Amino acid sequence: VARNEELDIDTDQALQSDRNGMLRAFLLMAQHSELKGMSVRLLRALWHGRVLIDQKFRRDPVNRATFLSLLQCERGVLHELRRMNQFSVLGRYLPVFRRIVGQMQHDLFHVYTVDQHILQVLRNLRRFATAEHVHEYPLCSQLMANMDKPWLLYIAALFHDVAKGRSGDHSELGANDVRVFCRNHGLARPDTDFVVFLVQHHLTMSQVAQRQDIADPAVIARFAALVGNEPRLNALYVLTVADIRGTSPKV
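Reading guide: rules and limits
Residues numbered from 1 in each chain as written. Predicted model: local features only at pLDDT ≥ 70, side-chain atom pairs only at ≥ 80, totals over all residues. Heavy atoms only, no water. Buried < 20%, exposed > 50% of the residue type's maximum accessible area, 1.4 Å probe, protein only. Helix = DSSP H or I, 4+ residues; strand = E, 2+ residues; numbered from the N terminus. Phe/Tyr/Trp six-rings, centres within 6.5 Å; stacked < 30°, edge-to-face > 60°. Contact = heavy atoms within 4.5 Å. Pairing = 2+ DSSP bridges. 1 Å grid on protein atoms, 1.4 Å probe; cavity = no way out; pocket = protein on both sides within 12 Å on 5 of 7 lines; lining within 4 Å. Points joined across faces, edges and corners; volume = space filled by probe spheres on them. Nonpolar A, V, L, I, M, F, W, Y, C, P; charged D, E, K, R; others polar. Core = buried A, V, L, I, M, F, W, Y, C linked by side-chain atoms within 4.5 Å.

**As for helix α2 (residues 21-31)**
With eight of eleven residues buried, α2 lies mostly within the body of the structure. Restricting attention to buried positions, one finds in α2 the residues Gly 21, Met 22, Leu 23, Ala 25, Phe 26, Leu 27, Met 29 and Ala 30.

**Considerations on the packing of aromatic side chains**
For any pair of aromatic rings, the description rests on two quantities: the centre-to-centre distance and the angle between the ring planes. Applying the stated rule across the entire model yields five aromatic pairs. Between Phe 67 and Tyr 93, the aromatic rings sit 4.9 Å apart at their centres with planes inclined by 40 degrees, giving tilted as the arrangement. You can see Phe 67 sitting in helix α5 (residues 61-71) and its partner Tyr 93 sitting in helix α7 (residues 89-93), a full 26 residues away along the chain. Overall, Phe 67 belongs to the buried group, its relative accessible area being 1%. Since its relative accessible area comes to 3%, Tyr 93 is described here as buried. In textbook terms, an aromatic cluster arises when at least three aromatic residues are bridged by ring pairs, as seen for Phe 57, Phe 67, Tyr 93, Phe 159 and Phe 181.

**Observations regarding unusual backbone geometry**
Residue Asn 4 is not a glycine yet carries a positive backbone phi of 50 degrees. The topology assignment puts Asn 4 in the loop between β1 (2-3) and β2 (6-7). Looking at Asn 4, the relative accessible area reads 74%, which means it is exposed. You will see that Ser 88, though not glycine, has its phi angle at about 65 degrees, which is positive. When you line up the elements, Ser 88 lands in the loop between α6 (77-86) and α7. Taking relative accessible area as the criterion, Ser 88 reaches 27% and is therefore assigned partly exposed.

**Examining the environment of Arg 82**
Structurally, the position occupied by Arg 82 is in helix α6. Distance from Arg 82 to Glu 132, taken between C-alpha atoms, is 21 Å for residues 50 residues apart in sequence. Non-local contacts of Arg 82, meaning those with residues more than four positions away in its chain, are made with Leu 119, Gln 120 and Arg 123.

**Observations regarding the sheet that holds β1**
In space, the three strands of this open sheet follow the order β1-β2-β3, with mixed pairing throughout. Because the sheet does not close on itself, it has two edges, and the strands there are β1 and β3 (37-38). Bridge count for β1 against β2 is two bridges, and the pairing is antiparallel. Within the sheet, the bridge partner assigned to Arg 3 lies in β2 and is Glu 6.

**Side note on the layout of surface pockets**
Put simply, the largest pocket is a space of about 390 Å³. For the lining of the largest pocket, the secondary-structure elements that each account for two or more residues are α14 (204-211) and α16 (230-245). In the lining of the largest pocket, the residues fall into four nonpolar, nine polar and four charged.

**A word on the nonpolar core**
The biggest cluster of nonpolar side chains holds 79 residues, and the ones touching the most others in it are Phe 67, Leu 81, Leu 125 and Ile 155. Setting aside chain neighbours within four positions, we find Leu 81 in contact with Phe 67, Leu 70, Leu 71, Leu 90, Leu 119 and Leu 122.

Here it is as structure tokens:
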């Protein structure tokens, strides 16, 4: 319910009897721009109710559809994912994400923890998708505007670094994780393959551009053969710019 321009619940036990409300609350916030925030009672209920998000909750088709609907909203996606992370709902729903919350990155260019870097990359993608920020990166904005399903990039962003800190190649491990996510959430095979490609190769374009001789036709030919088509090239470019820009405010 809406009260005083805030999203509220009818009773303190509302989320126990309607567990989908733990995701639907964030979806409603994204869908209703007139809402200024969540009530203290709702936030308290989300915090205490987060422990109810278990394997059965994650397997519920209604909950899976609700999460995908949030990613496909025209506005509020980043704000609500940040709020979900703040109240431990995002990590409960995506256990692989929970593992990297607060995880430090010990290198010379990342200034954010892994979860905050991922949300910064999502922020950058959302800015590419909004008209008021088109002046910042015109090419990225143009490419995003021409994509049929820009929300697929948001899934790729959520998973691109989710396997950091595990033993092995985090790009390969993240690609396996996102394939499971896409299959569980009913994405079509072409969409799944598209997202898996982006996660698996999210570092490839920057590595080729910065560490290889791009004046060598053989280098370009190998890269072109790997990417395969223009939609993948455009998406990989946009994700690469968002990823690099998400390492530090100064980059």
